Amino acid sequence: TWILMKEGADAKALERKLPDLMERKIGKEIRDTNTWHLQPIERIHLYSTSDYDIPSESDISYIYTYLTVAIFILTLASINFMNLATARSAGRAREVGVRKASGAYQRQLIGQFLGESILLALISMVLAVGLVEAALPTFNNFIEKDLALLTELDFTRVSGLLGVALLVGTLAGAYPALFLSAFRPVEVLKGSKGQTSRPVVRKALVVFQF
């Protein structure tokens, strides 16, 4: 049964009146064995679990499952970036040493390395959006759906994508930035690695990634 409510009406208050309505119009024995409740029409597709409802083509649990898998893959990619960035530290150690010897502060170096990480994440986001848009027609044909990523310049979606890219770039670049900026310039310029921390974190990241 479809009900069109007035703008601003309280659905919960109406729902509390339904048992009395059932008793008056149908009978007390029906009220004792049945329950009526209201649900917004836009929630049927993902949230409905009612008997005799319109058959739902999806379920919110699928969305949560796919979201969890996506976050997990993104986390592994971020960890892989951390490992690669720190593994390449020897190639940038002399750069850090020269900059520190020239008067650069550690926070300036952290800002530089974080900026590089965020820029890389933004470039990756643009490439990812392009690949998704190119693959969507084939994917939609395969799953018999009509999914769309950017049908128009939706501020919410664009800002969401930018926010994710900035967050991933910051989180993935934080440890490499702290690791690289902590090199001791004197030791680096002498030819040693100049690291101030043990590689325990890197080993833990590699183990977690596997």
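Rules used in this analysis
Residues numbered from 1 in each chain as written. Predicted model: local features only at pLDDT ≥ 70, side-chain atom pairs only at ≥ 80, totals over all residues. Heavy atoms only, no water. Helix = DSSP H or I, 4+ residues; strand = E, 2+ residues; numbered from the N terminus. Buried < 20%, exposed > 50% of the residue type's maximum accessible area, 1.4 Å probe, protein only. Contact = heavy atoms within 4.5 Å. Areas by Shrake-Rupley, 256 points an atom, 1.4 Å probe, with all protein chains shown as cover. Phe/Tyr/Trp six-rings, centres within 6.5 Å; stacked < 30°, edge-to-face > 60°.

Colleague: What is the right way to look at the overall build of the chain in this model?
Modeller: Each helix and strand counted, the chain has 9 helices and 0 strands in total. Here the chain, with 210 residues, has 20% of them falling under the buried criterion. Within the chain, contacts between residues at least 6 apart in sequence are counted, and of these 55% link residues at least 24 apart. When the accessible surface of the chain is summed, it comes to about 15600 Å², and 63% of that surface belongs to carbon and sulfur atoms.

Colleague: How should the packing of aromatic side chains be read in this particular structure?
Modeller: Aromatic ring pairs are defined here through the distance separating the ring centres and the angle between the ring planes. Summed over the entire model, instances satisfying the criterion amount to 1 aromatic pair. On the basis of an interplanar angle of 40° and a centroid distance of 5.9 Å, the ring pair of Tyr175 and Phe179 is categorised as tilted. Of this pair, Tyr175 and Phe179 are both found in helix α7 (residues 155–181), 4 residues apart, which corresponds to roughly one turn of the helix. Residue Tyr175 shares its accessibility class with Phe179, and that shared class is buried.

Colleague: Help me understand unusual backbone geometry in this model?
Modeller: Both trends apply: most residues other than glycine have a negative phi, and most peptide bonds are in trans. For Glu144, which is not glycine, the phi dihedral falls at a positive 60°. Checked against the element boundaries, Glu144 lands in the loop between α6 (106–143) and α7. Overall, Glu144 belongs to the exposed group, its relative accessible area being 71%.

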